[in-house]
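# Chains, contacts and geometry: an overview
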Amino acid sequence: MQYYKVGTIVNTHGIQGEVKVMPITDFPEERFKVGNQLFLFSPKNDKTPMQKLEIKKSRQQKQVYLLQFVDLDSINDVEKYKQFDLKISETDRKPLDNDEFYYDDIIGLEVFDEEGNRLGTVSEILSPGANDVWVVKRVGKNDLLLPYIRQVVKKVDLAKQRITVELLEGLDS
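First, a word on scope: everything that follows refers to the structure included in this document.

Rules behind the numbers
Residues numbered from 1 in each chain as written. Predicted model: local features only at pLDDT ≥ 70, side-chain atom pairs only at ≥ 80, totals over all residues. Heavy atoms only, no water. Helix = DSSP H or I, 4+ residues; strand = E, 2+ residues; numbered from the N terminus. Buried < 20%, exposed > 50% of the residue type's maximum accessible area, 1.4 Å probe, protein only. Contact = heavy atoms within 4.5 Å. Areas by Shrake-Rupley, 256 points an atom, 1.4 Å probe, with all protein chains shown as cover. Lys, Arg positive; Asp, Glu negative; His and termini not counted. Charge placed at Lys NZ, Arg CZ, Asp CG, Glu CD. Pairing = 2+ DSSP bridges. Axes fitted to C-alpha atoms, helices over the stretch in contact; angles between N-to-C directions. Phe/Tyr/Trp six-rings, centres within 6.5 Å; stacked < 30°, edge-to-face > 60°. Lys NZ or Arg CZ within 6 Å of the ring centre and 35° of its normal.

## Some points on the overall build of the chain
- A tally of regular secondary structure across the chain gives three helices and twelve strands.
- Burial analysis of the chain (173 residues in total) assigns 38% to the buried set.
- Within the chain, residue pairs in contact and separated by at least 24 positions form 49% of the contacts whose partners lie at least 6 positions apart.
- On the chain, roughly 10,400 Å² of surface is accessible, and the fraction owed to carbon and sulfur atoms is 46%.
- Separation of charge centres in the chain, based on 25 positive and 29 negative side chains, amounts to 4 Å.

## Topic: the sheet that holds strand β9 (residues 133-137)
- Spatially, six strands are ordered β10-β9-β8-β7-β12-β11 in an open sheet, and the strand pairing comes out mixed. Of all strands in the sheet, those bounded by a partner on one side alone are β10 (144-147) and β11 (153-157). Strand-to-strand twist in this sheet, taken as the mean axis angle between neighbours without regard to direction, amounts to 35 degrees.
- Taken together, the three bridges between strand β7 (residues 110-113) and strand β8 (residues 118-126) define a ladder with antiparallel strand orientation. When the sheet's bridge partners are listed, Glu-110 is paired in β8 with Thr-121.

## Quick notes on the pairing of β8
- With antiparallel pairing between neighbouring strands as the criterion, β7 and β8 make up a hairpin whose turn holds four residues, including Gly-116 at a positive phi of roughly 90 degrees.
- As defined by bridge partners, β8 adjoins β9 across five bridges and the pair is classed as antiparallel. Bridge pairing links Glu-124 to Val-135 in β9.
- Adjacent in sequence and paired antiparallel, β8 and β9 are bridged by six residues.

## Comments concerning the packing of aromatic side chains
- Under the defined criterion, the tally for this structure stands at six aromatic pairs.
- Look at Phe-32 and Tyr-65: their rings are 5.1 Å apart centre to centre, the planes differ by 45 degrees, and that puts the pair in the tilted class. Residue Phe-32 is located in the loop between α1 (28-31) and β3 (37-41), and its partner Tyr-65 is located in strand β5 (residues 64-69); the two are separated by 33 residues in the primary sequence. Both residues of the pair, Phe-32 and Tyr-65, belong to the buried class.
- An angle of 75 degrees between the planes, with centres 6.4 Å apart, marks the rings of Phe-101 and Tyr-148 as edge-to-face. Of this pair, Phe-101 sits in the loop between β6 (85-89) and α3 (103-106) while Tyr-148 sits in the loop between β10 and β11, placing them 47 residues apart in sequence.
- Judged by its relative accessible area of 26%, Tyr-148 is partly exposed.
- Grouping aromatic residues by their ring pairs yields a cluster made of Tyr-3, Phe-39 and Phe-41.
- Against the face of Phe-41 rests Lys-87, its NZ or CZ located 4.3 Å from the ring centre.

This is the structure in structure tokens:
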């Protein structure tokens, strides 16, 4: 089974087992709803879940979510989980609209310009503000930073593992 990261436990909060979670998802209010199940992964083993957790309480506080899990009612129960990741199973992923993608669908795809010239491979996705920026690793050149906007990203073909882009003036510097 595949698992997908939705947050990292960054600290504890109070003495009743709450943890601060830095969300890594576009759907935090959905992912961190009371009753949902998340899988706990150790930083030392990101392939096999340590345990399944059910969310007992959830609230947002600035950029983090404060979560409490069923049967973890004390700071002593959760303190050891700092820097652990919270993931969902592939069956918990919801379908997206046609022009929306999960990050892991995009990372690793090859990028070509409209003439068919290979530019590189998407290595990561940044979320600095208004739109995501796709980082394209290129051989012998600096990384190419592509804003995910219609004027630049012309076509994403997941079946062919290929992205076609139009390089606007100033992007390829």
